[in-house]
Amino acid sequence: MMGIIDEDAKDSYLEWSTTFKKKCTARCLAKGDEAVVEENYEKAIELYSAGIGLDSSCDLLFAHRSKAHLDRNLYAEALHDANMAIKLNPLSYLGHQVNHAALHKARRYDEAIEALKIILSKFDNTSDPQIQKGLQQYVSPSEADGAILRAIDAQLENAPFRLLNTSTGLLCDRGAQIDAFMKSTEYKEILSSSTTCAPLQTETIKGAVAKYFGWAMLSHRWQSNELLLHDIQGKVVYDLAAVGTTVKLQTFCKMARDAGHCWAWSDTCCIDQKNNVELQASVNSMFVWYRHSALTIVYLSDVSPSSESGALAKSVWNTRGWTVQEFLASNIVLFYRADWTPYLNDHSSNHKESVAIIQELKDSTGIDARALIAFHPGMRGAREKLQWASNRVTTLPEDIAYSLFGIFGVHLPVIYGETRQNALGRLLQAIVAQSGDITALDWVGKPSQFNSILPADISSYNAPPCTSLSLSEHQIQISVSSLQNATVVEQALTLYTRLANLSPPRFADRRLQLPCIAFPVTALRRRRDQDRETYFTYDVKAVGLDDLLITTEDKLRSASRTFLLICPWNRHDLGLLGDADDAQSVDDWSEPDSPSGESFSRYPGDDGPVELESSERALRLLVRLGQPFGALLLAQQQGGEYKRIASDHNIIAQVKDMVSVGNMMDVRTLEIL
């Protein structure tokens, strides 16, 4: 009987003990969770540990303690407890969740990705609403990887074809660059991070990809024996003998690496100079590569460590054709002296923010400070941009034109051997044809064989542009009042309409269709008392113009040829076109309004847009045409076309009398060869 009673009491005691342990364990779990809410993780871990001491088979206690360890950045402890929770309960969602999070935070990204794949496959069909909600925070690795690959494609679209790996010193094509990324910790981190936060954070991915693939560009003066592509292909740059220009390349790569950039580019060795297709693509892409670079390092090999302000302006770097584009295109630039110390000891992160350096460049180049700091490519202000390059030199003659492709935003064939004149001619033809900007016709010097309307050399733009006098609004009003005559107003309206109906200039196949106001030359008389034998000075008379002198290399015979002095017509002078996009094609221009309507226009001296009656608009234009202007002298050819007669100075012409509007009625479009 006693044995039976003792057995019953024992069972009762065990039942009570088990129930008590469960209650204690549950209390430890609950109190531990409260401590977590209070961010008292140490206390929480103690409570969870006490519960585990009571019941080491409770997966929840291990999972919760794992999370508390994770919150304290104790990754090894967190992983141990997470694995225990999963071992006790393979379907412990919290155990799997914390295991994945701990692996990610411990930077064990490969394992983290595999852990996430297990979560997504194991709980994909769960009916538990809490788990379903938890799964919504994740992005599948395949989806994240696809977004990363798209970001890489977008990033490399504006990147050079080859880059030097600043860590390994190896030259890599795009395939090798992508392969290096896929094997890198950076890729694994981006992939793992992208899977943890739905929806997919595409901007974060783009930023991470841009950081890894960001490249530094070298801007420098080529020296003798520069390393070319075949000299470094398949070799480690850092292992090459540190002599001559090799030191420059090695130091550049190290400077780029120390600045936090994985990749570097130099025009000496990152382009296959023997591959015409690649060379052409590189020349047309150069501006874009510098614009999208993370950093441009300018190496001034002739600026000594002890140099002071002014040395940059005198550096040979500041005389080269390509360096204009390289500096203007780049957003972040650092100048280094011959010993690779910062110019002027300026250790700032961007020398474009240095007032002293920008002022030195502005004074030495004539380029406006705003353009130096934040240049926008395009065709607006073509004459000014041509002047920037007018005193620059290049080793290959065609490069003086090719180096400007990016500045003007044009893409043209690269044909080394075509001659300087032809290369410059094609560039200028494209500018006029695509923009309608005729300021490129404003030059002094020798004519080009490409087309006589263009200069033979970029140096012809070195002289200041020919600009009209700017009248104040008061002066304009006085002149307009003096023209208030019915006949004059009627003729002014007629002239306005004729000019408004002119088509924009067309330039193709070396032939320019140029709208203009023509003034027939009636007399040419060569002066005999000349000291110079290579130039000839002529007294010129033309219908409606004051007499003027023209000096040229050409011997002119008025008896056998027809000559014209013309005022090239720019439709902007009508005030019909506002500040249109400088890259706008002439084909996109709208038809001009008739002067009988009303529009807003602006003329020299205007303080702002003024709504003008048609007659006043026409008279204001007449006043504008009455000011001195840069004229071109043309000689008619046998086929009826014209050629420009170049002069050694600007031809400044002026109408005799604004009231004689009839003398300005010869409005036409001439074909110029």
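Bear in mind the structure is a predicted one, so any value in this text is a computation, not a measurement. (Residues numbered from 1 in each chain as written. Predicted model: local features only at pLDDT ≥ 70, side-chain atom pairs only at ≥ 80, totals over all residues. Heavy atoms only, no water.)

## Points about the pattern of salt bridges
Counting across every chain of the model gives 24 salt bridges. One salt bridge in this structure joins Asp-539 and Arg-527, with 3.0 Å as the shortest N-O distance. With Asp-539 in strand β9 (residues 536–542) and Arg-527 in the loop between β8 (511–526) and β9, this residue pair connects regions lying twelve residues apart in the sequence. Among the residues examined, Asp-539 registers a relative accessible area of 18% and is labelled buried. (Salt bridge = Lys/Arg side-chain N within 4 Å of Asp/Glu carboxyl O. Helix = DSSP H or I, 4+ residues; strand = E, 2+ residues; numbered from the N terminus. Buried < 20%, exposed > 50% of the residue type's maximum accessible area, 1.4 Å probe, protein only.)

## Quick look at the layout of surface pockets
A volume near 520 Å³ is recorded for the second largest pocket. Lining of the second largest pocket is provided by 21 residues; of these, Trp-222, Asp-267, Trp-322, Leu-396 and Asp-399 occupy positions nearest its centre. Those elements giving two or more residues to the lining of the second largest pocket turn out to be α14 (276–291) and α16 (321–329). Looking at side-chain class alone, the lining of the second largest pocket contains nine nonpolar, seven polar and five charged residues. (1 Å grid on protein atoms, 1.4 Å probe; cavity = no way out; pocket = protein on both sides within 12 Å on 5 of 7 lines; lining within 4 Å. Points joined across faces, edges and corners; volume = space filled by probe spheres on them. Nonpolar A, V, L, I, M, F, W, Y, C, P; charged D, E, K, R; others polar.)

## A short note on the pairing of strand β3 (residues 215–220)
Of all six residues in β3, six are buried; the element is thus mostly enclosed. Residues of β3 alternate between two faces, with Trp-215, Met-217 and Ser-219 on one and Ala-216, Leu-218 and His-220 on the opposite face, all of them buried. Two elements, β3 and strand β4 (residues 263–265), share three bridges in a ladder whose sense is parallel. Bridge pairing links Met-217 to Trp-265 in β4. As defined by bridge partners, β3 adjoins strand β5 (residues 295–299) across five bridges and the pair is classed as parallel. (Pairing = 2+ DSSP bridges.)

## Digging into the sheet that holds strand β6 (residues 333–336)
Reading across the sheet, the six strands line up as β2-β1-β4-β3-β5-β6 and stay open at both edges, with mixed pairing between neighbours. The outermost strands of the open sheet, each flanked by one partner alone, are β2 (171–173) and β6. With direction set aside, neighbouring strand axes in the sheet form an average angle of 35°. Relative to β2, strand β1 (residues 162–165) runs antiparallel, the two sharing three bridges. Within the sheet, the bridge partner assigned to Leu-164 lies in β2 and is Leu-171. (Axes fitted to C-alpha atoms, helices over the stretch in contact; angles between N-to-C directions.)

## Thoughts on the packing of aromatic side chains
Evaluated as defined, the whole model comprises 19 aromatic pairs. Arranged with centres 6.3 Å apart and planes meeting at 75°, the rings of Tyr-212 and Trp-263 form a pair that is edge-to-face. Separated by 51 residues along the polypeptide, Tyr-212 in helix α11 (residues 202–213) and Trp-263 in strand β4 bring together distant segments of the chain. By relative accessible area, Tyr-212 is classed as buried at 8%. The exposure class of Trp-263 is buried, given its relative accessible area of 0%. Here Tyr-299 and Trp-340 contribute two aromatic rings whose centre-to-centre distance is 4.2 Å and whose plane-to-plane angle is 10°, an arrangement assigned as stacked. With a gap of 41 residues between them, Tyr-299 in strand β5 and Trp-340 in the loop between β6 and α17 (355–365) connect regions that are remote in the sequence. An identical accessibility class is assigned to Tyr-299 and Trp-340; each is buried. Of the aromatic side chains, those joined through ring pairs into one cluster are Phe-181, Tyr-187, Tyr-212, Phe-213 and Trp-263. For Lys-352, the ring lying beneath its charged end belongs to Phe-327, and the centroid distance is 4.6 Å. Over the aromatic face of Trp-443 sits the side chain of Arg-644, whose NZ or CZ is 4.0 Å from the ring centroid. (Phe/Tyr/Trp six-rings, centres within 6.5 Å; stacked < 30°, edge-to-face > 60°. Lys NZ or Arg CZ within 6 Å of the ring centre and 35° of its normal.)

## Quick notes on empty space enclosed by the protein
Applying the stated criterion across every chain yields a total of two cavities of 30 Å³ or more. Size it by volume and the largest cavity reaches roughly 70 Å³. In this structure, the largest cavity is lined by Trp-317, Asn-318, Thr-323, Val-324, Phe-327, Leu-328, Leu-361, Thr-365, Ile-367, Leu-372 and Arg-392. Listing elements by their share of the lining of the largest cavity, those giving two or more residues are α16 and α17. At four residues, α16 tops the list of elements feeding residues into the lining of the largest cavity. Across the lining of the largest cavity, the residue classes break down as seven nonpolar, three polar and one charged.

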